[in-house]
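Coordinate analysis (summary)
One letter stands for each residue in the lines below.
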Amino acid sequence: MTIKIVLADDHVLMRQGLSQVLNADAGIDVIGECGDGVELIELVIRLKPDVVVMDISMPRMSGLVAIDKLLAQRPDCKILVLSMHNELEYIEAMQDAGAKGYVLKESSSDVLIDAIRSIYHGRTAFIAAHQRNDTGKPARVSPVAALTRREREVFFLVAAGNTSKQIAELLTMSLKTAENHRSNIYKKLNVSSSAELIRLAGKAGLLE
Amino acid sequence: MTSKHNEQAALIERIQLQQEELKRRLDEEQINLRELARRLWTQQESEKARLSRELHDGVGQLLTGLTRRLQGIASNQPEFTELYDIAEMALADVRQLSRMMSPTILDDLGLKPALKWLCRNLFEAEGIQYACDINLKGDIPKVQAILVFRIAQEALVNALKHSRADTITVNLAQHHQVLRLDVIDNGVGFDVENIERGIGMSSMLDRASAFDAELTFQARPQQGTHITLTVAL
């Protein structure tokens, strides 16, 4: 069973490169490509792909509006955003808009393909913040060493982009408890936001 | 007698007509000037966007390449780790500069996330408490969005540089067809009457008036600064 993909990016070279990389994977088939949001919507309606891989900054219709329209037409549409922006606001905005995943353009093709598989199987794949194409450099000291087992679970859920409410649901605990864990983790790791935590996790190579 | 009266009446009428003509020309000049100011600001904005792209795509790409190379070297030879860290900082600085110069987030996501991003970027690392409360009813047209963003940016950077505040509040609200931005800090303030307007302050006022917006400063020494921008949609 191959995963059918529609690819949207206004940079032709970028798109061709991506298309090659994805088609080289036996489980993935790029069935359509386009360079703006308007075309994307037409293509998705016509081709019914399993997963849409799209950039945010595109001519004619911004990515955010395109996601909105796509989901209005096909609420079950699985969207993976591929972006050069590693800021928290971007990731949150795309998550709020209903995307199922967010991957940086500078990520390796393995990361991209894993993300496509994840969201195809109904999971989410939000990765972010200063992630490097690591050439196997070992983490200096793992930041999670200082955390309790429960805090580690919460840590990884925060790093994966979950809100306290989602974490509470996933770990069947109260919202208050989830928030307490979160603030203890922030204190122990000396960070003040989920963005910083994600950055820290990225730097330590803990995001994969 | 009558002929003198007639003469006077005619004279008054001529003067009135002349005055009306002058007023009309003055109004026209004003409109022209405002349009010119608007064009200049718009031009400056697109020039900044161009520079920002060049910075990002040019120097930024070179630094990305350099950073990757150094990372590879440092993974085998730890003594190069510091060089890698420096290159990475340089890359982060160039990206930051490029983004502050032309905030693509404003085009991509709109005013609310852009202002949140601005606050986070400016204050998080400085350890300044901030609140950013934004209530908008729909999409804001691009012209007004850029105006609000740039005024907020200037006000917040000023607060960061000069106010010594430890708490900063940004509010943006929409009432019917009017947007209102408030930037409030609890810093050292200044004497509104006796301050010589710096470039920053003048340019904020110029910019606001070019787009028919109203900008006010309320401040007193040691009692913080409160800047309000109101703009019609």
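This one's a predicted model, so the numbers in the text were calculated from it and none came from an experiment.

Further remarks concern the overall build of chain B. Scanning chain B for helices and strands turns up six helices and five strands. For chain B, the sequential pattern of α-helices and β-strands runs α-α-α-α-β-α-β-β-α-β-β. Relative to the compact-globule value of 17 Å for 233 residues, chain B shows a C-alpha radius of gyration of 25 Å, a clear excess of over 25%. Seen through its C-alpha atoms, chain B measures out along the principal axes to roughly 110 × 40 × 35 Å. By the burial criterion, 38% of the 233 residues in chain B qualify as buried. Across chain B, every contact between residues at least 6 apart in sequence was considered, and the portion connecting residues at least 24 apart equals 68%. When the accessible area of chain B is evaluated, it comes to approximately 14,400 Å², of which 53% is carbon and sulfur surface. Between the averaged position of the 27 positive side-chain charges in chain B and that of its 33 negative side-chain charges there is a distance of 3 Å.

Here the focus is the pattern of salt bridges. Tallied over the entire structure, the rule returns 21 salt bridges over all chains. The salt bridge partner of Arg120(B) is Glu89(A), with a shortest N-O separation of 2.6 Å. Of this pair, Arg120(B) sits in helix α4 (residues 111–123) while Glu89(A) sits in helix α4 (residues 88–97), placing the two residues on different chains. Residue classification places Arg120(B) among the buried residues on the basis of a relative accessible area of 13%. Asp182(B) serves as the salt-bridge partner of Arg180(B), at 2.8 Å between the closest nitrogen and oxygen. Given the relative accessible area of 35%, Arg180(B) is considered partly exposed.

For the rest of this paragraph, the subject is the confidence of the model for chain B. For chain B, the mean per-residue pLDDT works out to 87, and 97% of the residues sit at or above 70. Mean pLDDT values for the elements of chain B range from 85 in helix α6 (residues 199–210) of chain B up to 94 in strand β3 (residues 178–185) of chain B.

Attention now goes to the side chain of Asp185(B). Residues and elements named next belong to chain B. Following the sequence through the fold, Asp185 ends up in strand β3. Despite its burial, Asp185 pairs with no opposite charge; the closest candidate is Arg164, at 10 Å N-O. For Asp185, the side chain forms a polar contact with the main-chain nitrogen of Gly187, separated by 2.8 Å.

Rules behind the numbers
Residues numbered from 1 in each chain as written. Chains lettered and ligands numbered in written order. Predicted model: local features only at pLDDT ≥ 70, side-chain atom pairs only at ≥ 80, totals over all residues. Heavy atoms only, no water. Helix = DSSP H or I, 4+ residues; strand = E, 2+ residues; numbered from the N terminus. Rg over C-alpha atoms; globule rule 2.2 N^0.38 Å. Buried < 20%, exposed > 50% of the residue type's maximum accessible area, 1.4 Å probe, protein only. Contact = heavy atoms within 4.5 Å. Areas by Shrake-Rupley, 256 points an atom, 1.4 Å probe, with all protein chains shown as cover. Lys, Arg positive; Asp, Glu negative; His and termini not counted. Charge placed at Lys NZ, Arg CZ, Asp CG, Glu CD. Salt bridge = Lys/Arg side-chain N within 4 Å of Asp/Glu carboxyl O. pLDDT = per-residue confidence, 0-100. Polar contact = N/O pair within 3.5 Å; in protein donor to acceptor, adjacent residues only side chain to side chain.

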